[in-house]
Amino acid sequence: MIRGSTIVPERIYTHILAVNPEHPDPDCIDRAAQALRQGQLVAFPTETVYGLGAHAGDVAAVRRVFEVKRRPASDPLIVHIADTSQLTDIACNIPDLAWQLVQHFWPGPLTLVLPRHERIVAEVSAGLTTVAVRMPQHPVAHALLRAACVPIAAPSANLFARPSPTTAQHVLEDLAGQIELVIDAGATTIGVESTVVDLTGAVPVVLRPGGITLEALRAIVPGLAWQARQVKLDHATGVAAPGMFARHYAPRAELLLFVGESEAVVAQMYATGQRLTAEQKQVGILAPAEELADFADIAVHCVSLGSRSDLTEIAAHLFAGMRELDRRGVDVILVRSFDQSGLGLAIWDRLLRATEGKFIRVAAG
Ligand code: AMP
Ligand code: MG
């Protein structure tokens, strides 16, 4: 539809198929698999986040993924497979190390970047000669990929730069009317995306921390490189050097990230919440369950990230928490950093990207 000079995309009916996460109904899976084979877009749960699937050999379907997500064509997609035997259809010159990682971590939240096989259309990889591949563990993703019989290109099923979707409802918030089908199997378990490891260079490099920890990978690949981004802070404003982080995974509300020892950080968040509410701002607090009581006497919206002693809970609730506070219409969200070991590295990465690298360092009290 063209109105004036603006192209308004046609809205289509988005079907929702509810399935049991452990034992999805085979008829539902077949219907979704057929839709994928026909070039339609199908959102489906994986153990990390919901993915937006398209037939990786269908250029028109792949292009539509970029369009509906409003994702830059320069940002490559991950190809999802049901079985390790499919890897040789997607990538070529596969090094022994890739097979070793496959054996230890697939199915699971590990994505490998390898030289692209010529039968995978260049659009999937944003024109790169490499391709990212993963074999998910979620029973619904696995059943769908097996039934589809074709490799499926699937980025996260959100609008570009928004927090990734961990429920079917999140997918619908962003993409209802733009895609043909959503398979609803409830909340995903890990809640942050896969770890991306590039095996095409001189040394293996982690490009994105995620569901498989650096520690687990280094037990197999001791020389694995990880370039922690050096955030250069302007100490007066707490602002990072511009351009170091593209805004990504971000809520609509402004996000303020507090870093430091937990008691001092909570005190600083409380004082900030008090000041902002006095300025008539709607304030959201995204914090571990144990810390929410500390904010009880100010008029803020509190959302729990789960227990602070369990980083798997924090990761699982991170994006959903940002979306919930957006839904409540807050102006500002206050959140704190966590230990960067294990899954904490992925949590830290997502928080930094959501704030474009800005944080507020709190001195011990
Ligand atoms: P998403 O599917 O939204 O979780 O994002 C996929 C991410 O995987 C991209 O944004 C890249 O960071 C990474 N990726 C995918 N393909 C490649 C590739 N060929 N080379 C390097 N990174 C890749
Ligand atoms: Mg994404």
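Structure shown above.
Residues numbered from 1 in each chain as written. Chains lettered and ligands numbered in written order. Predicted model: local features only at pLDDT ≥ 70, side-chain atom pairs only at ≥ 80, totals over all residues. Heavy atoms only, no water.

Undergrad: In this structure, what is going on with the pairing of strand β16 (residues 254-259)? I would like to understand it.
TA: Put simply, side chains in a regular strand alternate between the two faces of the sheet. Of all six residues making up β16, five are buried, and the element is well covered by its neighbours. Of the strand pairs in this sheet, β16 and strand β19 (residues 332-336) are connected by five bridges, and their pairing is parallel. Across the sheet, Leu256 pairs through a bridge with Leu334, a residue of β19. Pairing of β16 with strand β20 (residues 360-361), which is carried by two bridges, proceeds in the parallel orientation. What sits directly across from Phe258, in β20, is Ile360. (Buried < 20%, exposed > 50% of the residue type's maximum accessible area, 1.4 Å probe, protein only. Helix = DSSP H or I, 4+ residues; strand = E, 2+ residues; numbered from the N terminus. Pairing = 2+ DSSP bridges.)

Undergrad: When you look at the site of ligand 1 in this model, what are you seeing that I'm missing?
TA: Taken together, 16 residues lie near ligand 1, and Arg71, Asp75, Thr130, Pro155 and Arg208 sit nearest. Thr130 is positioned such that a nitrogen or oxygen atom in its side chain is 3.0 Å from a nitrogen atom of ligand 1. Taking Ser156, its side chain carries an N or O atom lying 3.2 Å from an oxygen atom of ligand 1. For ligand 1, the accessible surface in isolation is 500 Å², of which the surrounding protein chains cover 83%. Breaking the shell around ligand 1 down by element, the ones donating at least two residues are β8 (130-134) and β12 (205-208). Ranked by residues supplied to the shell around ligand 1, first place goes to β8 with three residues. (Near = heavy atom within 4 Å. Polar contact = N/O pair within 3.5 Å; in protein donor to acceptor, adjacent residues only side chain to side chain. Areas by Shrake-Rupley, 256 points an atom, 1.4 Å probe, with all protein chains shown as cover.)

Undergrad: Would you mind going over the sheet that holds β19 with me for this structure?
TA: Within the open sheet, the five strands sit side by side as β18-β17-β19-β16-β20. Their pairing is parallel. Either end of the sheet is taken by a strand with one partner, and the two such strands are β18 (301-304) and β20. Direction of pairing for strand β17 (residues 283-287) relative to β18: parallel, over a ladder of four bridges. Looking at the pairing, Leu286 lines up with Val303 of β18.

Undergrad: So what exactly am I meant to see when it comes to helix α6 (residues 168-175) here?
TA: It helps to recall that an α-helix has 3.6 residues per turn; residues three or four apart then point in one direction. Within α6, six of the eight residues are buried, which leaves the element mostly enclosed by the surrounding structure. Those residues of α6 not exposed but buried are Ala168, His170, Val171, Leu172, Asp174 and Leu175. Here the buried face of α6 lies against β3 (15-18), β4 (42-45), β5 (50-55), α2 (59-69), β10 (181-184) and α10 (311-327). Once α6 finishes, Gly177 follows within two positions and takes phi at roughly 85°, a positive value. (Contact = heavy atoms within 4.5 Å.)

Undergrad: In this structure, what is going on with the pattern of salt bridges? I would like to understand it.
TA: Any two side chains of opposite charge can pair, so long as their charged atoms come close to each other. A full pass over the atoms with the stated rule returns 19 salt bridges. Across the pair Arg327 and Glu324 runs a salt bridge, and its minimum N-O distance is 3.0 Å. Here Glu324 and Arg327 lie together in helix α10, a separation of three residues that amounts to about one turn. Taking the shortest distance from any N to any O, the salt bridge between Arg353 and Asp349 comes out at 3.1 Å. Of this pair, Arg353 and Asp349 both sit in helix α11 (residues 344-354), four residues apart, which is roughly one turn of the helix. As far as the burial class goes, Arg353 and Asp349 line up, both buried. When salt bridges with common partners are traced through the structure, they connect Arg162, Glu173, Asp174, Arg323 and Asp326 into a single cluster. (Salt bridge = Lys/Arg side-chain N within 4 Å of Asp/Glu carboxyl O.)

Undergrad: I would appreciate a short explanation of α10 in the present structure.
TA: For α10, built from 17 residues, the straight-helix expectation of 24 Å at 1.5 Å per residue is met to within 8% by its first-to-last C-alpha distance of 24 Å. Roughly 40° is the biggest bend found in α10, and it falls at Leu318. Taken together, the buried positions of α10 are occupied by Leu311, Ile314, Ala315, Ala316, Leu318, Phe319, Gly321, Met322, Arg323, Leu325 and Asp326. Summarising the contacts, the buried residues of α10 are in contact with α6, β16, β17, β18, β19 and α11. One or two steps after α10, the chain reaches Gly329, where phi turns positive at roughly 75°. (Expected span 1.5 Å × (residues − 1). Bend = angle between axes of the 7 residues up to and from the residue.)

Undergrad: Got a minute to help me understand the state of the cysteines in this structure?
TA: Throughout this description, disulfide means a covalent bond between two cysteine sulfur atoms. Scanning the model with the defined rule gives zero disulfides in all. Its sulfur unpaired, Cys28 is 18 Å from the next cysteine sulfur, which belongs to Cys149. Exposure remark for Cys28: the relative accessible area of 15% places this residue in the buried category. (Disulfide = S-S within 2.5 Å.)

Undergrad: What is the right way to read the sheet that holds strand β7 (residues 110-115) from this model?
TA: Strands pair in a sheet through their backbones, by hydrogen bonds, and they do so in one of two ways: parallel or antiparallel. Pairing in this open sheet of 11 strands is mixed, and the strands run β3-β10-β4-β5-β9-β6-β8-β7-β11-β12-β13 from one edge to the other. Both outer strands of the open sheet, β3 and β13 (225-226), are each paired with one neighbouring strand and no more. For β4 and β10, the ladder comprises two bridges, and the chain directions are parallel. What sits directly across from Ala43, in β10, is Val182.

From the geometry alone we can't say anything about function, so treat these as descriptive.
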